[in-house]
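# Summary of the model geometry
Letter by letter, the chains look like this.
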Amino acid sequence: EVHQEVLDFCNFIRLSDYMILESLQQYCYECWKQAKRAVTSSMSSIFLVEVSFSESGDVIFDPTIEELIDTVNAALDQSIITLDHLPRIVGTKDFRPHLRERFGNLKELYDKGPTLKQFVDFNIEYSKIREIIIKTVEESYENARVHSQGFKEFFNLFTLGKVWNADDYIKKRGGNSVEFNL
């Protein structure tokens, strides 16, 4: 009977681990939805893009749209990777002897057991959220690019600002200084 309780305890540990994974997936999903709301809200200012001129006078942005999309994708992917690498309850040192008694080869339990990434991959909402975020960023970037073309007329001032020096316009007076005794 004690042996059966140990086996039941091991099943409980494994079930708890799976429930924690499912909860982490839910929290991750809520965070992705929150990110989508932040990006798609009107007047959101999530990213910093520097506006400048090329040598030929075209308005350019830094980072480029490709770099920005790569950054967004990397951040979304990293959120899943980070959660997937959190310590698992089935990997707890104190539980290993009991789990070994129940499941034998623990490597197989770890390797063949579910991962957070698998939970995420089965939820198609993640890819929908990613698509919406990417589409919104691309549209916003393009709208900003179109509206920024009005800055082209200031290219001459931009180039003048690179070489302008106030000292070129300061003229020193000649003569002697006058001392006033008030």
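This text gives an overview of the structure that appears in the document. (Residues numbered from 1 in each chain as written. Predicted model: local features only at pLDDT ≥ 70, side-chain atom pairs only at ≥ 80, totals over all residues. Heavy atoms only, no water.)

## Points about the nonpolar core
Heads up, the rule is: What we call a nonpolar core is a set of buried Ala, Val, Leu, Ile, Met, Phe, Trp, Tyr and Cys residues that are connected through their side-chain atoms within 4.5 Å. When a residue's accessible area, from a 1.4 Å probe over protein chains only, is under 20% of the maximum for its type it is buried; when over 50% it is exposed; and in between it is partly exposed. Secondary structure follows DSSP: runs of H or I at least 4 residues long count as helices, runs of E at least 2 residues long count as strands, and numbering of each begins at the N terminus. For this analysis, residues touch if any pair of their heavy atoms sits within 4.5 Å.
Grouped together as the largest cluster of nonpolar side chains are 24 residues, with contacts concentrated most on Trp32, Tyr126, Ile133 and Val137. Only helix H1 (2-40), strand S2 (59-62), helix H2 (65-84), helix H5 (116-121) and helix H6 (125-148) provide two or more residues apiece to this core. Beyond its immediate chain neighbours, meaning those up to four positions away, Ile133 contacts Trp32, Ala35, Lys36, Val39, Val72 and Leu76. Counting 6 residues, the second largest nonpolar core, distinct from the first, contains Ile13, Val90, Leu99 and Leu106.

## Points about the packing of aromatic side chains
This is how it is decided: In summary, the pairing rule links any two rings of Phe, Tyr or Trp, Trp by its six-membered ring, whose centres are within 6.5 Å, and it sorts them by plane angle into stacked for under 30 degrees, edge-to-face for over 60 and tilted for everything else.
This structure, assessed with the given rule, holds 7 aromatic pairs. An angle of 65° between the planes, with centres 5.7 Å apart, marks the rings of Tyr29 and Tyr126 as edge-to-face. With Tyr29 in helix H1 and Tyr126 in helix H6, this residue pair connects regions lying 97 residues apart in the sequence. Here Tyr29 matches Tyr126 in class, with each residue buried. For the ring pair Phe53 and Phe155, a centre distance of 5.3 Å and an interplane angle of 65° mean the geometry is edge-to-face. Linking Phe53 in strand S1 (residues 50-53) with Phe155 in helix H7 (residues 155-163), this pair joins segments that are 102 residues apart in sequence. Accessibility assignment for this pair places Phe53 and Phe155 in one class, buried.

## Here's the deal with the pairing of S1
Going by this rule: Whether two strands pair comes down to DSSP finding at least two bridges between them.
Sheet topology note: the S1/S2 ladder contains 4 bridges and is antiparallel. Following the sheet pairing, Glu50 is matched in S2 by Asp62. Between S1 and the antiparallel strand that follows it, S2, lie 5 residues; Gly57 among them carries a positive phi value of about 100°.

Spatial relationships are all this shows, so hold off on functional conclusions.
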